[in-house]
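Structure at a glance
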Amino acid sequence: MKSIASLIRHIPHATATGARLRAAVLCAACLSLPSCSISYKFNGASIDYSQTKTIQIADFPIRASYVWGPMASIFNNQLKDQFANHTRLIQVRRDGDLKIEGEITRYDQRNKSVSSEGYSAQTELSMTVNVRFTNNKNHTEDFERQFTASATYENTQTLNAVQEELVTQMVEEITDQIFNATVANW
């Protein structure tokens with residue numbers, strides 16, 4: 001930092017070129033500071049890749065009493081994509097350093113609000129996933145936990161009309177929760 005300060009002091013003040021050069025050097029110095037001192041990962045993953053190299057993600061079957069066919073494939077693909085896009089872990093079929101398995105245990109809807117006429121105005125759709133996480137490099141991080149998300153839609157719409165969009169939203173929320181609980185240590 002001393003060398004940047006001394007460089008700025010030696011640039012002439014009086015000329016327009018000198019002023020522009022001083023500003024450019026100062027901006028470059030400011031931009032380089034965060035890259036030197038801050039170590040933040042925007043994806044939130046805190047993985048020691050020297051120890052943890054692989055992840056095994058099992059397909060989650062639907063064990064809920066109410067089933068929408070495409071839900072399992074939407075969930076399974078999103079969960080695998082989440083780890084593929086935000087980590088350097090190699091996905092394997094067995095013997096992974098990390099292992100994620102579970103099932104979709106609940107998918108249901110209920111009335112959320114009532115109109116002034118006494119009819120249901122909104123319906124809440126919710127989804128719950130049970131997850132078993134095993135860290136074969138550090139078993140103190142192992143857990144079994146449920147993750148839930150919900151979405152609301154107006155009763156002027158049918159479930160068939162909004163189901164794919166709402167399930168996709170809930171799946172994104174749940175896979176974010178799973179990612180944060182397993183590799184982001186949040």
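Structure: above.
This section reports on the structure supplied with the text. (Residues numbered from 1 in each chain as written. Predicted model: local features only at pLDDT ≥ 70, side-chain atom pairs only at ≥ 80, totals over all residues. Heavy atoms only, no water.)

What follows deals with the side chain of Thr-123. Following the sequence through the fold, Thr-123 ends up in strand β4 (residues 120–135). Within the structure, Thr-123 has its side chain in polar contact with the side chain of Asn-155 (distance 2.6 Å). Apart from the residues within four sequence positions on either side, Thr-123 is in contact with Gln-109, Arg-110, Asn-111, Lys-112, Ala-151, Thr-152, Tyr-153 and Asn-155. (Helix = DSSP H or I, 4+ residues; strand = E, 2+ residues; numbered from the N terminus. Polar contact = N/O pair within 3.5 Å; in protein donor to acceptor, adjacent residues only side chain to side chain. Contact = heavy atoms within 4.5 Å.)

Moving on, we come to the sheet that holds strand β1 (residues 54–57). Ordered by their spatial adjacency, five strands build an open sheet running β2-β1-β3-β4-β5, and the pairing between neighbours is mixed. Either end of the sheet is taken by a strand with one partner, and the two such strands are β2 (90–91) and β5 (143–154). In this structure, β4 lies alongside β5, joined through 12 bridges in antiparallel fashion. Each bridged residue has a counterpart across the sheet, and for Leu-125 the counterpart in β5 is Ala-151. Across the face of the sheet, helix α3 (residues 71–86) comes into contact with β1, β2, β3 (98–114) and β4 while running at roughly 125° to β3. Relative to β5, helix α4 (residues 159–182) is tilted by about 150°, and along the sheet it contacts β3, β4 and β5. (Pairing = 2+ DSSP bridges. Axes fitted to C-alpha atoms, helices over the stretch in contact; angles between N-to-C directions.)

Okay, the pattern of salt bridges next. Side-chain pairs of opposite charge can arise where the charged atoms are in close proximity. All told, the structure shown has eight salt bridges when counted by the stated rule. In this structure, Lys-99 engages Glu-101 in a salt bridge whose closest nitrogen and oxygen atoms are separated by 3.9 Å. Owing to a relative accessible area of 26%, Lys-99 belongs among the partly exposed residues under this scheme. Notably, a salt bridge pairs Arg-132 with Glu-144, separated by 3.8 Å at the nearest N-O pair. (Salt bridge = Lys/Arg side-chain N within 4 Å of Asp/Glu carboxyl O. Buried < 20%, exposed > 50% of the residue type's maximum accessible area, 1.4 Å probe, protein only.)

As a further point, take the layout of surface pockets. Quantified by volume, the largest pocket comes out at close to 180 Å³. Along the walls of the largest pocket sit 14 residues, with Ser-46, Asp-48, Thr-52, Asn-135 and Glu-141 positioned nearest its centre. Its residues assigned to classes, the lining of the largest pocket shows four nonpolar, seven polar and three charged. (1 Å grid on protein atoms, 1.4 Å probe; cavity = no way out; pocket = protein on both sides within 12 Å on 5 of 7 lines; lining within 4 Å. Points joined across faces, edges and corners; volume = space filled by probe spheres on them. Nonpolar A, V, L, I, M, F, W, Y, C, P; charged D, E, K, R; others polar.)

The next thing to look at is the packing of α3 against α4. For the pair α3 and α4, the least separation of the axes is 9 Å and the interaxial angle reads 40°. With respect to their mutual orientation, α3 and α4 come out oblique. Along this stretch, α3 crosses α4, giving a crossing that reads as right-handed. Mapping the contact onto sequence places Met-71, Ile-74, Phe-75, Gln-78, Leu-79, Gln-82, Phe-83 and His-86 in α3 and Val-167, Thr-168, Val-171, Glu-172, Ile-174, Thr-175, Asp-176, Ile-178, Phe-179 and Thr-182 in α4. (Parallel < 35°, antiparallel > 145°, perpendicular 65-115°, else oblique. Left-handed = near helix turned anticlockwise from the far one by under 90°.)

It is worth spelling out the packing of aromatic side chains at this point. The full count for this structure, using the stated rule, is five aromatic pairs. When the ring of Phe-133 is compared with that of Phe-143, the centres are 5.4 Å apart and the planes differ by 35°; the resulting orientation is tilted. Remark: Phe-143 occurs in strand β5 and Phe-133 occurs in strand β4; sequence separation between them is 10 residues. Both residues of the pair, Phe-133 and Phe-143, belong to the buried class. Within the aromatic cluster, the residues linked to one another by ring pairs are Phe-133, Phe-143 and Phe-147. (Phe/Tyr/Trp six-rings, centres within 6.5 Å; stacked < 30°, edge-to-face > 60°.)

Time to look at the nonpolar core. Among the nonpolar cores identified, the biggest contains 37 residues, and Phe-75, Ile-100, Tyr-107 and Met-127 are the most heavily contacted of them. When residues of this core are traced back to their parent elements, those giving at least two are β1, α3, β3, β4, β5 and α4. Here this core gets 10 residues from one element, more than from any other, and that element is α4. Once residues lying within four places of it in the same chain are set aside, the contact partners of Phe-75 are Phe-60, Ile-104, Met-127, Val-129, Val-171, Ile-174, Thr-175 and Ile-178. (Core = buried A, V, L, I, M, F, W, Y, C linked by side-chain atoms within 4.5 Å.)

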